[in-house]
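# Per-entry structural report
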Amino acid sequence: LLCTTDLTKASETAIRHALYLGDRLGSRVSLMHVLGKNGRSDDDHALVAKAVEEQLGLIGADRLHLLMPEGDFMEEIISETGRGHHLLVMGTHGPHGLRQSLFGADILKIVRRSAVPSYVVQDQSPAEPELKRIVLPVAGHSDIHRLMDVVCLLAIACDAEVHIYQLMRPGENPSDALLANKLSMMQCLERDKVRHVEATIPATGF
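With that out of the way, let us pick up the overall build of the protein chain. Each helix and strand in the protein chain was counted, giving seven helices and eight strands. Here the protein chain holds 206 residues, and the buried ones make up 41% of them. A separation of at least 24 residues holds for 79% of the contacts in the protein chain among residues at least 6 apart in sequence. Taken as a whole, the protein chain presents about 12,000 Å² of accessible surface, with 53% of it coming from carbon and sulfur.

Next up, the structure:
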């Protein structure tokens, strides 16, 4: 698993979630902090490494495999996801400032370009994770097999129940692609013997 940190509270929560998933999946967790343009000297490397160690000490985690590349944080994270990792775990603070409000939060850009599925932890996520229910919205994407592989893997490892969620809007018929994906989701869950619930919710308004 690849987990990113920017040394904030949100990333501390993300590390806790990554360790939780790593324990249940039997996976090693690599912790990544990207050094920006002004953080490339040996002293800066040492200061950041010390700050990361202090963050891990607060969590009570054993020493993780630490990655500290230099460059643009978004490009470095995206590049690293293609180097043998199976899941990307990140903390998010939500969109900040006018630029991200207009063009989308950086976290969404990373998720869209990541080579592996992403597990995003929000500011309000519980610090001590317990993954007991997974809500899986039905969507008409052309390829959902990688998503389903990860959902089934997490559900089995954490003994979680999956809720296949579909919102039915008044006067709107689901597309063939959406129905095909829903059927495929159910077949994957049944194949892997994952507990699941079909939650079809009628919308009362737009």
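Okay, the pattern of salt bridges next. In total, this model carries 10 salt bridges according to the counting rule given. Across the pair E128 and R16 runs a salt bridge, and its minimum N-O distance is 3.0 Å. Taken together, the positions of E128 in the loop between β5 (118–122) and β6 (133–137) and R16 in helix α1 (residues 9–25) put the pair 112 residues apart, joining distant regions of the chain. Residue E128 is classed as exposed on the basis of its relative accessible area, which comes to 56%. Where E75 meets R113, a salt bridge forms, and the shortest distance between an N and an O atom there is 2.9 Å.

Okay, the environment of I78 next. Along the chain, I78 turns up in helix α3 (residues 73–80). Distance from I78 to R113, taken between C-alpha atoms, is 6.5 Å for residues 35 residues apart in sequence. Apart from residues no more than four positions distant in its own chain, I78 is found in contact with I110 and R113.

Burial along β5 is one-sided: the face carrying Y119 and V121 is buried and the face carrying S118, V120 and Q122 is not. Bridge analysis of strand β4 (residues 88–92) against β5 gives five bridges, and the strand direction is parallel. Considered in β5, the bridge of M90 is made with V120.

Below, the discussion takes up the packing of helix α6 (residues 145–158) against helix α7 (residues 176–191). At a closest axis distance of 10 Å, the pairing of α6 and α7 adopts a crossing angle of 35°. The two elements α6 and α7 meet at a crossing, and its hand is right-handed. In this structure, α6 contributes H145, M148, D149 and C152 to the contact, and α7 contributes S184, M185, C188, L189 and R191. For the contact of α6 with α7, a count of residues per class yields five nonpolar, two polar and two charged.

This brings us to unusual backbone geometry. With the exception of glycine, most residues fall at negative phi, and the peptide bonds are largely trans. In this model, L7 sits at a positive phi of 70°, which is unusual for a non-glycine residue. Along the chain, L7 turns up in the loop between β1 (2–4) and α1.

To continue, consider the environment of I134. Looking at the element boundaries, I134 is found in strand β6. Separated by 18 residues in sequence, I134 and C152 have C-alpha atoms that sit 9.9 Å apart.

Counting buried residues along β4, four of its five residues qualify, which places the element largely inside the surrounding structure. Two elements, β1 and β4, share two bridges in a ladder whose sense is parallel. The partner of L2 across the bridge, within β4, is L88.

Thresholds, definitions, all that
- Residues numbered from 1 in each chain as written.
- Predicted model: local features only at pLDDT ≥ 70, side-chain atom pairs only at ≥ 80, totals over all residues.
- Heavy atoms only, no water.
- Helix = DSSP H or I, 4+ residues; strand = E, 2+ residues; numbered from the N terminus.
- Buried < 20%, exposed > 50% of the residue type's maximum accessible area, 1.4 Å probe, protein only.
- Contact = heavy atoms within 4.5 Å.
- Areas by Shrake-Rupley, 256 points an atom, 1.4 Å probe, with all protein chains shown as cover.
- Salt bridge = Lys/Arg side-chain N within 4 Å of Asp/Glu carboxyl O.
- Pairing = 2+ DSSP bridges.
- Axes fitted to C-alpha atoms, helices over the stretch in contact; angles between N-to-C directions.
- Left-handed = near helix turned anticlockwise from the far one by under 90°.
- Nonpolar A, V, L, I, M, F, W, Y, C, P; charged D, E, K, R; others polar.

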